[in-house]
Amino acid sequence: MTVLIDIDQLRTFIAIAETGSFTKAAEVVHKTQSAVSMQMKRLEERLNKPIFARDGRASKLTEDGDRLLDYARRIVKLNLEALAAFSGPELSGRVRLGVPDDYADRYLPEIMARFSRSYPGVELTVLCEPSADLLRRIDANDLDLAIITATDTQRTAEQFRQERLLWVSSVRHAAHTENPLPLALGKQSCAWRRIALEHLEKLGRPHRVIYTSSNAGAYVAAVLSGLAVSVVPESTLRPGMRVLTPAEGFPDLPHCRIGLVRNPHESSALADALAEHIISSLDNLSEAVQAAE
């Protein structure tokens with residue numbers, strides 16, 4: 001009979017990978033350092049593979065350790081999700097979520113699947129609009145939560161994710177070589193539009209906006225058909241897109257930060273539960289902070 005991997009060992013393994021230290025991980029999981037070392041010894045014995053390579057005082061992952069880390073995070077996350085589904089109060093009702101369609105294709109499937117499994121009695125209503133429009137709907141009490149692009153000009157949001165902002169063209173066409181440069185961008189209120197135009201103006205590169213839309217699918221279609229260049233976050237990259245580099249005359253762009261805004265008029269257990277699922281599913285900022293410590 002196959003012996004399963006111990007969940008507690010995986011939690012400790014994740015803590016070591018994120019802190020880079022057995023000592024710091026022991027504090028995170030509230031164990032002694034000797035107990036942590038014993039857990040990892042047993043985990044390596046169970047896998048019959050070395051998962052750590054000592055690098056001075058730091059503990060780095062081997063190639064097999066890197067492979068295990070992805071599995072470990074998914075297993076622990078699913079374990080917590082299962083516990084939440086059975087230990088918390090039975091929630092029912094409706095919760096309203098707003099999300100820009102730039103992120104919808106990439107993020108909504110995971111959010112919806114995890115939330116629905118945990119709270120099968122809840123109706124999730126999703127509205128896809130640009131960040132500025134979603135904020136207005138939050139103010140009007142039309143939404144409970146909104147995932148937005150967090151910029152300096154917007155109100156405080158719970159920032160939980162950061163992505164690269166990229167220039168993109170089509171792999172089969174050469175719109176990026178045209179003069180003036182044809183662009184497909186969001187509406188005037190779009191932060192990425194402003195950033196793209198500011199960088200091109202600093203370079204003194206002639207350009208013209210030939211397609212404007214609040215719908216990501218529209219300007220992505222313009223890119224894939226070879227009609228224009230655009231600016232998108234890393235999660236929006238699709239097959240057929242080519243990332244343009246500084247060597248081709250397209251400067252590095254600032255990172256895009258994604259945040260969560262809650263309805264200030266009223267709070268609910270449903271909205272709080274959905275917010276927890278969103279952050280636990282998509283968060284990468286806490287991982288970056290832990291890695292830097």
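Coordinates for the structure precede this section.
The model shown is predicted, which means the values in this text are computed figures rather than measured ones. (Residues numbered from 1 in each chain as written. Predicted model: local features only at pLDDT ≥ 70, side-chain atom pairs only at ≥ 80, totals over all residues. Heavy atoms only, no water.)

As for helix 6 (residues 131-139)
Owing to its 3.6 residues per turn, the α-helix aligns residues three or four sequence positions apart on the same side.
Okay, step 1: Those residues of helix 6 that sit buried are Ser131, Ala132, Asp133, Leu134, Leu135 and Ile138.
Okay, step 2: As for helix 6, its buried residues are in contact with strand 3 (93-98), strand 4 (122-127), strand 5 (145-150) and strand 12 (256-262).
Okay, step 3: Downstream of helix 6 by one or two residues, Asn141 has phi in the positive range, about 65°. (Buried < 20%, exposed > 50% of the residue type's maximum accessible area, 1.4 Å probe, protein only. Helix = DSSP H or I, 4+ residues; strand = E, 2+ residues; numbered from the N terminus. Contact = heavy atoms within 4.5 Å.)

Focus: the sheet that holds strand 11 (residues 241-244)
Okay, step 1: Strand order in the open sheet made by the three strands is 10-7-11, with antiparallel pairing throughout. Each end of this open sheet is capped by a strand with a single partner; those strands are strand 10 (230-233) and strand 11. Pairs of neighbouring strands in the sheet enclose a mean axial angle of 50°, with direction left out of account.
Okay, step 2: Here four bridges tie strand 7 (residues 165-170) to strand 10, and the two strands are oriented antiparallel to one another. Opposite Leu166, over in strand 10, you have Val232 as the bridge partner.
Okay, step 3: Those strands touched by helix 7 (residues 191-203) are strand 7 and strand 10, and its axis lies near 80° from that of strand 7. (Pairing = 2+ DSSP bridges. Axes fitted to C-alpha atoms, helices over the stretch in contact; angles between N-to-C directions.)

Focus: the environment of Ala228
Okay, step 1: By the element assignment, Ala228 lies in the loop between helix 8 (216-224) and strand 10.
Okay, step 2: Judged by relative accessible area, Ala228 falls into the buried class, the value being 0%.
Okay, step 3: Between the C-alpha atoms of Ala228 and His176, which are 52 residues apart in sequence, the distance is 7.3 Å.
Okay, step 4: Apart from the residues lying within four places of it in its own chain, the contact partners of Ala228 are Val168, Ala175, Pro182, Leu183, Ala184, Ile210, Ala222 and Val223.

Brief notes about the packing of helix 1 (residues 7-19) against helix 3 (residues 33-47)
Okay, step 1: At a minimum axis distance of 10 Å, the contact between helix 1 and helix 3 shows a crossing angle of 110°. Between helix 1 and helix 3, the angle is such that the two are roughly perpendicular. Regarding helix 1 and helix 3, the two cross each other, and that crossing is left-handed. For the pair helix 1 and helix 3, the contacting residues are Asp8, Gln9, Leu10, Thr12, Phe13 and Ile16 in the first and Val36, Gln39, Met40, Arg42 and Leu43 in the second. (Parallel < 35°, antiparallel > 145°, perpendicular 65-115°, else oblique. Left-handed = near helix turned anticlockwise from the far one by under 90°.)

Observations concerning the packing of aromatic side chains
Okay, step 1: For the coordinates displayed, the defined rule picks out six aromatic pairs.
Okay, step 2: Ring centres of Tyr103 and Tyr107 lie 6.0 Å apart, and the angle between their planes is 40°; this geometry places the pair in the tilted category. Here the residue Tyr103 and the residue Tyr107 both occupy positions in helix 5 (residues 101-118), the gap between them amounting to four residues, near one helical turn.
Okay, step 3: For Tyr107, a relative accessible area of 2% gives the class buried.
Okay, step 4: When the centroid spacing of 5.2 Å and the interplanar angle of 45° are considered together, the rings of Phe115 and Tyr119 count as tilted. Pair check on accessibility: Phe115 and Tyr119 agree, each one buried.
Okay, step 5: Taken together, the aromatic side chains of Phe13, Phe22 and Phe52 make up a single cluster linked through ring pairs. (Phe/Tyr/Trp six-rings, centres within 6.5 Å; stacked < 30°, edge-to-face > 60°.)

Overview of the packing of helix 1 against helix 2 (residues 22-29)
Okay, step 1: Helix 2 packs onto helix 1 with a crossing angle of 130° between their chain directions and a minimal axis gap of 8 Å. Taken together, the axis directions place helix 1 and helix 2 in an arrangement best described as oblique. The two elements helix 1 and helix 2 cross, and the hand of that crossing is right-handed. For the pair helix 1 and helix 2, the contacting residues are Arg11, Thr12, Ala15, Ile16 and Thr19 in the first and Phe22, Lys24, Ala25, Val28 and Val29 in the second.
Okay, step 2: Residue composition of the contact of helix 1 with helix 2, grouped by class: six nonpolar, two polar and two charged. (Nonpolar A, V, L, I, M, F, W, Y, C, P; charged D, E, K, R; others polar.)

Observations regarding the pattern of salt bridges
Okay, step 1: Considering all chains together, one arrives at 16 salt bridges under this definition.
Okay, step 2: Note that Arg74 is salt-bridged to Asp70, the shortest N-O span being 2.8 Å. Taken together, the residues Arg74 and Asp70, both in helix 4 (residues 63-87) and four residues apart, mark about one turn of the helix.
Okay, step 3: On the basis of relative accessibility, which here comes to 48%, the residue Arg74 falls in the partly exposed class.
Okay, step 4: For the salt bridge of Arg136 with Asp133, the shortest nitrogen-to-oxygen distance reads 2.1 Å. With a gap of three residues between them, Arg136 and Asp133 both fall in helix 6, about one helical turn apart.
Okay, step 5: For Asp133, a relative accessible area of 16% gives the class buried. (Salt bridge = Lys/Arg side-chain N within 4 Å of Asp/Glu carboxyl O.)

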